[in-house]
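Results of the structural survey
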Amino acid sequence: MIEGHGDDLHRYDPGMVRINFSSNIYQQADHSALKAHLADSLDLINNYPEPRPRSLEKMIAQQLEISPESVMVTNGATEAIYLIAQMLHHSVSIIPQPTFNEYADACRINHHIITYENDDDIKELPNDRVYWICNPNNPTGNVMTKGIIEYMVRRSPRYTFVVDQSYEDYTRERLIRPKEMQDCHNLLVLHSLSKCYAVPGLRIGYVTGHPEVINLLRDKYHPWSVSALAIEAGNFLVRRHEPAIPDLAEYLAETERLRANLRQIEGIRVFETKTNFMLCEIENATSTKLKFYLVHEHGILIRDCFNFTGLSDHFFRVATQRPEENDQLVEAIRQFVEQEI
């Protein structure tokens, strides 16, 4: 388990952070109906949950138009990452960088040989590989097109592709649809109800893939991994199917406005993105120093990216908030940069 993810709000005193740009998850979601439902469901804590969340798996499968045997619900997408790495222990894993660090951590624990290059030239290694793709990618916001992934999966049957689509509801780009790839034994796709419905504290994710492969993955599953309240929340959210972001096009337009305004600050480089978060680089200071200034002087929290492989301590990541909050971030960074010149 990696320390130092985004949304380290828990590290600060209550009330210290006014605006949280460090979490990629949409923060303006209306959870009133879910909270009311869970308040009426608290008696569930008196008994054990389903050892395997079959009710939720069936509901997700129906929504995706695939077999329930092609779906495995997990304690967040992160549990799925570790279970897959365990199932494929002692493999060779390709993990293009920079990306979510849990892939490499899970692989190290399970004795994988890890390479960070796409075109591995170590000839003595076996031809079988595990290829980890975060799509949209965290922290860059890049998206690999659906056609490219489909081509790679079908062209390379000896590779196992793990495609993490946790942020699939935060982009307008076309991504893998599980029902279109059900014949592929070498593809596992990760999904996150936590992100789709903006409920990260509930820890609900799932994996889709060929039933035979999902069945092998179930052998690694810990019973009662997902709590009764999380299962009930998942059933409620999937049944209603109201994604957290009411207008994705408008939200991404605001992302582009924020990106354009940040680019106007001298000494700040902002990379292109296809989702709601963006990778930035500051020239004349470290991101840690910027983060300290923002949180202590303005109550604004960002994600420093020094612990991403391949990134220096000048990189940071921000996720779009309300327009007025985005303007406050831009002005606060501008003030910091002017002090550093």
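Just above sits the structure.
Residues numbered from 1 in each chain as written. Predicted model: local features only at pLDDT ≥ 70, side-chain atom pairs only at ≥ 80, totals over all residues. Heavy atoms only, no water.

1. Details of the overall build of the chain
Secondary structure assignment for the chain yields 11 helices and 13 strands. Taking 20 Å as the expected radius of gyration for a compact globule of 341 residues, we find that the chain reaches 20 Å, a close match to that expectation. Considering only C-alpha atoms, the chain reaches an extent of 60 × 60 × 35 Å along its principal axes. Relative to its full complement of 341 residues, the chain shows a buried share of 55%. Looking at the chain alone, contacts between residues at least 24 apart form 73% of all its contacts between residues at least 6 apart. In the structure as shown, the chain presents an accessible area of about 15,900 Å², 49% of it carried by carbon and sulfur atoms. Computed over 34 positive and 48 negative side-chain charges, the separation of the two mean positions in the chain equals 4 Å. (Helix = DSSP H or I, 4+ residues; strand = E, 2+ residues; numbered from the N terminus. Rg over C-alpha atoms; globule rule 2.2 N^0.38 Å. Buried < 20%, exposed > 50% of the residue type's maximum accessible area, 1.4 Å probe, protein only. Contact = heavy atoms within 4.5 Å. Areas by Shrake-Rupley, 256 points an atom, 1.4 Å probe, with all protein chains shown as cover. Lys, Arg positive; Asp, Glu negative; His and termini not counted. Charge placed at Lys NZ, Arg CZ, Asp CG, Glu CD.)

2. Observations concerning the packing of helix 2 (residues 54-64) against helix 8 (residues 228-240)
Close contact between helix 2 and helix 8 brings their axes to 9 Å; oriented N to C, the two are set at 20°. Here helix 2 lies roughly parallel to helix 8, going by the angle between them. The hand of the helix 2/helix 8 crossing is left-handed. Across from Ser 55, Leu 56, Met 59, Ile 60 and Gln 63 in helix 2, the residues of helix 8 making contact are Ile 231, Gly 234, Asn 235, Val 238 and Arg 239. (Axes fitted to C-alpha atoms, helices over the stretch in contact; angles between N-to-C directions. Parallel < 35°, antiparallel > 145°, perpendicular 65-115°, else oblique. Left-handed = near helix turned anticlockwise from the far one by under 90°.)

3. Overview of helix 8
Taking 1.5 Å of rise per residue, the 13 residues of helix 8 would be expected to cover 18 Å, and the 18 Å separating its terminal C-alpha atoms lies within 8% of that figure. Turning to helix 8, its buried residues are Ala 228, Ala 230, Ile 231, Ala 233, Gly 234, Asn 235, Phe 236, Leu 237 and Val 238. Those residues of helix 8 hidden inside the fold are in contact with helix 1 (32-39), helix 2 and helix 6 (193-196). Where helix 8 terminates, the next one or two residues include His 241, which has phi positive at roughly 50°. (Expected span 1.5 Å × (residues − 1).)

4. As for the side chain of His 31
Checked against the element boundaries, His 31 lands in the loop between strand 1 (19-20) and helix 1. Among the polar contacts made by the side chain of His 31, one reaches the main-chain carbonyl oxygen of Ala 198 at a distance of 3.1 Å. (Polar contact = N/O pair within 3.5 Å; in protein donor to acceptor, adjacent residues only side chain to side chain.)

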